[in-house]
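Architecture at a glance
So you can see what is in the structure, the chains are spelled out below.
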Amino acid sequence: MSKDKKCMMCGKPSPDTICDPCKASVQAEAAGEKAKMERSVKVGGKMADEQSKKRS
Ligand SMILES: [Zn+2]
């Protein structure tokens, strides 16, 4: 295994798998995706389905 780690996002030498600037952008993207998914779940009626399961 090589000791030279580099960012998997931008390829720049980094002590981490993902460098700080890329990590920040990935987290921002993930937060956006999560918000999008939560919205679609509410619209899709999955929560209502789970509630009916609990009742029966
Ligand atoms: Zn990077």
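Placed above this text is the structure.
Description of the structure in this document. The structure displayed is predicted, hence computed values, not measured ones.

Positionally, Pro-21 belongs in helix H1 (residues 20-44). We classify Pro-21 as partly exposed; it has 13 C-beta atoms within 10 Å. When the C-alpha positions of Pro-21 and Met-9 are compared, they lie 9.8 Å apart, and in sequence the two are 12 residues distant.

The subject of this paragraph is the environment of Cys-19. Mapping Cys-19 onto the fold places it in the segment before H1. Under the C-beta neighbour-count criterion, Cys-19 is labelled partly exposed, with 19 such atoms within 10 Å. Separated by 10 residues in sequence, Cys-19 and Met-9 place their C-alpha atoms 7.9 Å apart. Excluding residues that lie within four positions of it along the chain, Cys-19 makes contacts with Cys-7, Cys-10, Lys-12 and Ser-14.

Conventions adopted
Residues numbered from 1 in each chain as written. Predicted model: local features only at pLDDT ≥ 70, side-chain atom pairs only at ≥ 80, totals over all residues. Helix = DSSP H or I, 4+ residues; strand = E, 2+ residues; numbered from the N terminus. Buried ≥ 20, exposed ≤ 12 C-beta atoms within 10 Å, placed from the backbone. Contact = placed C-beta atoms within 7 Å.

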